[in-house]
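The chain contents come next:
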Amino acid sequence: MNLNIDFENSKLVVHYKYDNESIKHVKKIVRKQLPSKIKFNKVDFTPEDLNNYVNEMVNILENKGELKRIAVLDPDAHKESIHVAYNEELSTLPKKN
C-alpha cells in the first residue's frame, strides 16, 4: 500500500496492489468515517515494483552502452509509469524550462 496526497482535490490517495480481505476491511471503515477525503486506487505496479523495473532498465542500458544517453529515469507510481528523458531531448529545451 502506498499513500499520496492529491492536492488538487484535497484527498489522500491510497494505492494498493492486492484486493484482499484486509484492504476491503480498511476501505469499508475509512469510507464510513471519511468518505470524501480518501480515495482508494488499485494499481498494477507498486512504487517498489517500478523502482525494481528502473534498476533492471539501468542494468540493461548499461550493458548495452546506452546509459550515457539517458538523463533521467523517473518512476511515477501515481500514474504507474516510468518517464525516460534522453540527454538529446533535454539539450533542445529552452533554458527556462
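Residues numbered from 1 in each chain as written. Predicted model: local features only at pLDDT ≥ 70, side-chain atom pairs only at ≥ 80, totals over all residues. Heavy atoms only, no water.

**A few points about the packing of aromatic side chains**
Given two aromatic rings, their pairing is described by the distance between the two centres and the angle made by the two planes. Defined as follows: Each Phe, Tyr or Trp ring, with Trp reduced to its six-membered ring, pairs with another whose centre is within 6.5 Å; inter-plane angles below 30 degrees give stacked pairs, above 60 give edge-to-face pairs, and intermediate values give tilted ones. Numbering of helices and strands runs from the N terminus, with a helix taken as a DSSP run of H or I at least four residues long and a strand as a DSSP run of E at least two residues long. Three exposure classes are used, based on accessible area relative to the maximum for each residue type with a 1.4 Å probe and protein chains only: buried under 20%, partly exposed in between, and exposed over 50%.
Scanning the model with the defined rule gives two aromatic pairs in all. Both rings, one in tyrosine 16 and one in phenylalanine 40, keep their centres 6.5 Å apart while their planes meet at 65°; by these two values the pair is edge-to-face. Linking tyrosine 16 in strand β2 (residues 11-16) with phenylalanine 40 in strand β3 (residues 38-42), this pair joins segments that are 24 residues apart in sequence. No difference in accessibility class separates tyrosine 16 from phenylalanine 40, as the two residues are buried. Relative to tyrosine 53, the ring of phenylalanine 45 has its centre 5.7 Å away and its plane inclined at 80°; by these criteria the two rings are edge-to-face. Assessed through its relative accessible area of 35%, tyrosine 53 is described here as partly exposed.

**Observations concerning the confidence of the model for the protein**
Worth spelling out the cut-off: Predictor confidence is given residue by residue as pLDDT, running from a minimum of 0 to a maximum of 100.
Of all residues in the protein, 79% have pLDDT values of 70 or greater, and the mean over the chain is 79. Mean pLDDT in the protein bottoms out at strand β1 (residues 2-6), which sits at 60, and peaks at helix α1 (residues 21-33), which reaches 89.

**Focus: the pattern of salt bridges**
Note the threshold: Take a side-chain nitrogen of Lys or Arg and a carboxyl oxygen of Asp or Glu: if they are within 4 Å of each other, that pair is a salt bridge.
The final tally for this structure, using the stated rule, is three salt bridges. In this structure, lysine 17 and aspartate 49 form a salt bridge, with 2.8 Å as the shortest nitrogen-oxygen distance. Residue lysine 17 is located in the loop between β2 and α1, and its partner aspartate 49 is located in helix α2 (residues 47-63); the two are separated by 32 residues in the primary sequence. On the accessibility criterion, lysine 17 (22% relative accessible area) is partly exposed.

**A word on the side chain of aspartate 49**
Selection rule: Pairing of N or O atoms within 3.5 Å defines a polar contact, subject to two protein rules: one partner must be a possible hydrogen donor and the other a possible acceptor, and residues neighboring in sequence count only if both atoms are side-chain atoms. The contact criterion used is simple: two residues touch if any of their non-hydrogen atoms lie within 4.5 Å.
Residue class for aspartate 49 comes out buried when judged on its relative accessible area of 17%. In this structure the side chain of aspartate 49 is engaged in a polar contact, spanning 2.8 Å, whose partner is the side chain of lysine 17. Sequence-distant contacts of aspartate 49, that is, excluding residues within four places in its chain, are made with Lys17 and Asp44.

**Re α2**
To keep it simple, the criterion reads: By this rule, a helix spans an expected 1.5 Å times one less than how many residues it contains. By construction, the arc corresponds to the directions joining the helix axis to the C-beta atoms.
For α2, which comprises 17 residues, the first-to-last C-alpha distance of 24 Å matches the rise-based estimate of 24 Å (1.5 Å per residue) to within 8%. Those residues of α2 that sit buried are Pro47, Asp49, Leu50, Val54 and Leu61. The buried residues of α2 occupy an angular sector of 150° when projected down its axis, which confines them to one face. Seen from the open side of α2, the exposed residues pointing more than 90 degrees away from its buried face are Glu48, Glu62 and Asn63.

**Considering the nonpolar core**
To keep it simple, the criterion reads: To define a nonpolar core, start from buried Ala, Val, Leu, Ile, Met, Phe, Trp, Tyr and Cys residues and group those joined through side-chain atoms within 4.5 Å.
Counting residues in hydrophobic clusters, the biggest one holds six residues: Val14, Tyr16, Ile23, Val30, Ile38 and Phe40. Sorting the residues of this core by element identifies β2, α1 and β3 as the ones contributing at least two each. For isoleucine 38, the residues in contact, after removing those within four places along its chain, are Leu12, Val14 and Val30.

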